[in-house]
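Geometric and topological summary
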Amino acid sequence: MASVKFQHNLMNLQSNMLNFAYMLTSNRDDAYDLLQSTTLKALKNEDKYTEGTNFKGWVFTIMRNIFINNYRQSVRNATLVDTTDNLYHLNLSQDSGLETPEGSYCVSEITEAINNFSDEFRIPFSMHVSGYKYEEIAEYTGLPVGTIKSRIFTARKRLRERFSDYR
């Protein structure tokens, strides 16, 4: 397949690929990352595509394989191996503490704490929690990305301090 035709076919599949990526990941940011990884890998392996093969199937197989590999890697990284002499970590309670009223935060308390922030911290933090990327928040507020990251960090720090007695 000629390079221009290959790229054209790949670009025409982007919306379908994004839908499939979102179905796999159930997360907007992860879906965009998976779409980007798939597009790059397809472009890199253009020479491995055989003319006459189902192009859409070939690209979707690449995406599925990338997703499976990433999932397996995250599971491997999340595995805890207790190397202590007396297996101390295995004997720790595994519950999160959320089953008791003392172990969970009331959503209204957290919302109230966030709403008490000044606009310069509340707006970027709320947008970040809603799923906006730093660049999108910076564009919306007209501030540099570094300032946005700093304000979100400060807002998190204030929340940790505010709720430190719950730990």
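Starting from 1, residues in each chain are numbered consecutively following that chain's sequence as written. With pLDDT at 70 or above as the cut-off, local features in this predicted model cover only qualifying residues; side-chain atom pairs require 80 or more to be listed or tallied, and sums for whole chains, interfaces and linings still use all residues. The side-chain quantities take in all heavy atoms of the structure and omit both hydrogens and water.

1. Examining unusual backbone geometry
What counts is decided by this rule: The way it works is that DSSP assigns letters per residue, a run of H or I at least four long becomes a helix, a run of E at least two long becomes a strand, and they are numbered from the N terminus. Classification of residues uses two cut-offs on accessible area relative to the type maximum, computed with a 1.4 Å probe and protein chains only: under 20% is buried, over 50% is exposed, and between them is partly exposed.
In the Ramachandran plot, Ser26 falls in the positive-phi region, its phi being about 60° despite a non-glycine side chain. Inspection of the secondary structure assignment puts Ser26 in the loop between helix H2 (14–25) and helix H3 (28–44). For Ser26, a relative accessible area of 57% puts it in the exposed group.

2. Section: H3
Cut-off, in case you're wondering: By this rule, a helix spans an expected 1.5 Å times one less than how many residues it contains. The directions from the helix axis to the C-beta atoms are what the arc is built from. By the convention used here, residues are in contact when the closest approach between their heavy atoms is within 4.5 Å.
In this model H3 runs 24 Å from its N-terminal to its C-terminal C-alpha over 17 residues, within 8% of the 24 Å that 1.5 Å per residue would give. Buried residues of H3: Ala31, Leu34, Leu35, Thr38, Thr39 and Ala42, and no others. Projection of H3 onto a plane perpendicular to its axis shows the buried side chains occupying an angular sector of 135°, all on one side. Seen from the buried face of H3, the exposed residues on the opposite side, beyond 90 degrees, are Leu40 and Lys44. Buried positions along H3 lie against helix H1 (3–12), H2 and helix H4 (55–78).

3. Considering the confidence of the model for the protein
The condition that has to hold: The predictor attaches a confidence to each residue, and that confidence, scored 0 to 100, is pLDDT.
In this model, the protein carries an average pLDDT of 83, and 80% of its residues clear a pLDDT of 70 or more. Of all helices and strands in the protein, the one with the weakest mean pLDDT is helix H5 (residues 107–115) (80), whereas H3 scores best (93).

4. Remarks on the pattern of salt bridges
Note the following rule: We count a salt bridge whenever a side-chain nitrogen from Lys or Arg sits within 4 Å of a carboxyl oxygen from Asp or Glu.
In this structure the tally under the stated criterion is three salt bridges. With its nearest N and O atoms 3.6 Å apart, the salt bridge here joins Arg151 to Glu120. Of the two residues, Arg151 is situated in helix H8 (residues 145–162) and Glu120 in helix H6 (residues 119–129); the sequence distance between them amounts to 31 residues. You can call Glu120 partly exposed: its relative accessible area is 39%.

5. Structural notes on the packing of H2 against H3
The line we're drawing: Axis definition: a line fitted to C-alpha atoms, over the contacting stretch in the case of helices. Angles run 0 to 180 degrees between N-to-C directions. With respect to orientation, any angle under 35 degrees is reported as roughly parallel, any angle over 145 as roughly antiparallel, any angle of 65 to 115 as roughly perpendicular, and every other angle as oblique. Two helices crossing with the near one rotated counterclockwise from the far one by less than a right angle form a left-handed crossing, whereas a clockwise rotation gives a right-handed crossing. Amino acids are sorted into nonpolar (Ala, Val, Leu, Ile, Met, Phe, Trp, Tyr, Cys and Pro), charged (Asp, Glu, Lys and Arg) and polar (every other residue, Gly among them).
Look at H2 against H3: their axes get within 8 Å of each other, and the N-to-C directions meet at 130°. By the criterion of interaxial angle, the relationship of H2 to H3 is oblique. For H2 against H3, the interelement crossing comes out right-handed. When H2 is examined against H3, the residues Gln14, Met17, Leu18, Ala21, Tyr22, Leu24 and Thr25 are found in contact with a partner set consisting of Arg28, Asp30, Ala31, Tyr32, Leu34, Leu35, Thr38 and Thr39. Looking at side-chain class alone, the contact of H2 with H3 contains nine nonpolar, four polar and two charged residues.

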